[in-house]
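In case you want the letters, here they are:
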Amino acid sequence: MTTAPLSTGTPAVAVLGAGIMGSGMARSLLRERIPVRVWNRTRSRAEPLAGHGATVTDTAEEAVRGADVVLTALNDGPSVEQTLTAAAPGLRPGQVWLQCSTVGLAATTDLVHRAAGLGLVYLDAPLSGTKQPAEQGSLTVFVSGPSAARATVLPVLEAIGQRTVWVGEEPGAATRLKLVANTWVINMVNGVAECLNLAEGLGLDPQLFLDAMKGGPLDTPYLQGKSAAVLSGDLSPSFALSTALKDSRLILEAAEAAGVRLDLVAASTERFTRAEAAGHGDEDMIATYYAGRPARDATS
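These numbers come from a predicted model, not from an experiment.

Asks: Which residues make up the layout of surface pockets, and what values do they have?
Replies: What the second largest pocket holds in volume is close to 240 Å³. Lining the second largest pocket are Trp184, Asn187, Met188, Gly191, Val192, Cys195, Phe209, Met213, Leu218, Thr220 and Leu223. Those elements that place two or more of their residues in the lining of the second largest pocket are α8 (173-201) and α9 (206-213). Per-element tally for the lining of the second largest pocket: the top contributor is α8, with six residues. Considered class by class, the residues forming the lining of the second largest pocket number eight nonpolar, three polar and no charged.

See below:
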């Protein structure tokens, strides 16, 4: 099954993965009238996209057959590897693979080799942003890989993001930048959680702390937004805690290989692990807040 571009220069896109990020990017592509076929391991998660104009396929092979760009938005390296294997019979040499999953350095190296063996043009393209930017087409996309592929993927990048950062020709450079960016996010979210924990532990209304910071040089929308999620009890995931835990482990692996010690990320990983063990893995990553509460309250 093939889908012809709507017009010259409009690539047909196969989106593999219909989770938070994949679904949001698929809708952004469809708003720009870019033809999309989408596959997800659990088909029911992809089916709502049909109402937006996507073709939902039963197999990854069917999704990629005839596509100009193959976009992967999956959870981790093994998921990407398995999906690529399933899709392989439908792939053809010369297709551009826009690999948007955060998989770490070792898996990226493996995927680059797999892409070369299949004749694919590999673009390392991890994302900066969560659910709302994905839905709005306002992600930042870090991209590294052959510059010759830029013209093909430009309409895709413009649809899913407000900014593309071209990191270089070498696949893997974008992943390295993403790991640095995620280090900032992971330490920041745990900083927010610990401030709320300490305020409550000292008998203060956490809102007093937020009001004291508001409008000053130490205030950020992130501090206010994540704190509001905790105080309202709405921990619907824009970025799941279990995914943040996976990313923190990838950061530590990269740091160890580079001979760098990251004490804060190590501590953040421990907090995420405790919160996941307490049943908060599917909630937003600010649920790391529960890792700092007294044991009697940690699951409440």
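Asks: Please provide a residue-by-residue account of the nonpolar core, values included.
Replies: The biggest cluster of nonpolar side chains holds 34 residues, and the ones touching the most others in it are Met25, Leu29, Val38, Leu71 and Leu98. Listed by contribution, the elements that provide at least two residues to this core are β1 (13-16), α1 (20-31), β2 (36-39), β4 (69-72), β5 (96-99), β8 (139-144) and α7 (150-160). For valine 38, the residues in contact, after removing those within four places along its chain, are Val15, Ala18, Ala46, Leu49, Ala54, Thr55, Val56 and Thr57. Counting 27 residues, the second-largest nonpolar core is a separate cluster that includes Val189, Leu235, Leu250 and Ile251.

Asks: Any details on the packing of aromatic side chains? Residues and values, ideally.
Replies: Summed over all chains, the structure comprises two aromatic pairs. Here tryptophan 97 and tyrosine 122 contribute two aromatic rings whose centre-to-centre distance is 5.0 Å and whose plane-to-plane angle is 85°, an arrangement assigned as edge-to-face. One end of the pair, tryptophan 97, is in strand β5; the other, tyrosine 122, is in strand β6 (residues 121-124), and 25 residues separate them in sequence. When its relative accessible area of 2% is taken as the criterion, tryptophan 97 is described as buried. Arginine 150 extends its terminal NZ or CZ atom over the ring of tryptophan 166, reaching a point 4.0 Å from the ring centre.

Asks: Can you tell me about the pattern of salt bridges, naming the residues and giving the values?
Replies: Scanning all chains against the criterion turns up 11 salt bridges. With a shortest N-O distance of 2.7 Å, glutamate 135 and arginine 27 are connected by a salt bridge. Remark: arginine 27 occurs in helix α1 and glutamate 135 occurs in helix α6 (residues 131-136); sequence separation between them is 108 residues. The salt bridge partner of glutamate 47 is arginine 43, with a shortest N-O separation of 3.1 Å. Note on glutamate 47: relative accessible area 39%, which makes it partly exposed. Connected through salt bridges with shared partners, the residues Arg43, Glu47 and Asp58 form a single ionic network.

Asks: Which residues make up the confidence of the model for the protein chain, and what values go with them?
Replies: As a note on interpretation, predicted positions should not be read in detail where pLDDT is low. Per-residue pLDDT for the protein chain has a mean of 95; in total, 95% of the residues score no lower than 70. In this model residues 1-8 is a low-confidence stretch, pLDDT under 50, and it forms 17 contacts with partners more than four residues away in sequence or in other chains.

Asks: Outline helix α4 (residues 77-87), supporting the account with residue identities and numerical values.
Replies: Among the residues making up α4, those that are buried are Gly77, Val80, Thr83, Leu84 and Ala87. Projection of α4 onto a plane perpendicular to its axis shows the buried side chains occupying an angular sector of 130°, all on one side.

Asks: Any chance you could break down empty space enclosed by the protein for me, citing the residues and the numbers?
Replies: Counting across every chain of the model gives one cavity of 30 Å³ or more. Lining the largest cavity, in full, are Leu16, Val70, Thr72, Thr83, Leu84, Ala87, Leu91, Trp97 and Leu120. Residue assignment for the lining of the largest cavity shows that the elements contributing at least two residues are β4 and α4. In terms of residue count, α4 provides more of the lining of the largest cavity than any other element does, three residues in total. Taken together, the residues of the lining of the largest cavity break down into seven nonpolar, two polar and no charged.

Asks: Summarise the pairing of β6; cite the residues concerned and give the values.
Replies: In this sheet, β6 lies alongside β5 in parallel orientation, the contact comprising four bridges. Among the inter-strand pairings, glutamine 99 is bridged to a residue of β6, identified as aspartate 124. Between the parallel pair β5 and β6, the chain is carried across by helix α5 (residues 105-118), and the sense of this crossover is right-handed.

Thresholds, definitions, all that
Residues numbered from 1 in each chain as written. Predicted model: local features only at pLDDT ≥ 70, side-chain atom pairs only at ≥ 80, totals over all residues. Heavy atoms only, no water. 1 Å grid on protein atoms, 1.4 Å probe; cavity = no way out; pocket = protein on both sides within 12 Å on 5 of 7 lines; lining within 4 Å. Points joined across faces, edges and corners; volume = space filled by probe spheres on them. Helix = DSSP H or I, 4+ residues; strand = E, 2+ residues; numbered from the N terminus. Nonpolar A, V, L, I, M, F, W, Y, C, P; charged D, E, K, R; others polar. Core = buried A, V, L, I, M, F, W, Y, C linked by side-chain atoms within 4.5 Å. Buried < 20%, exposed > 50% of the residue type's maximum accessible area, 1.4 Å probe, protein only. Contact = heavy atoms within 4.5 Å. Phe/Tyr/Trp six-rings, centres within 6.5 Å; stacked < 30°, edge-to-face > 60°. Lys NZ or Arg CZ within 6 Å of the ring centre and 35° of its normal. Salt bridge = Lys/Arg side-chain N within 4 Å of Asp/Glu carboxyl O. pLDDT = per-residue confidence, 0-100. Arc of directions from axis to C-beta. Pairing = 2+ DSSP bridges. Right-handed = clockwise from strand over helix to strand, strands pointing away.

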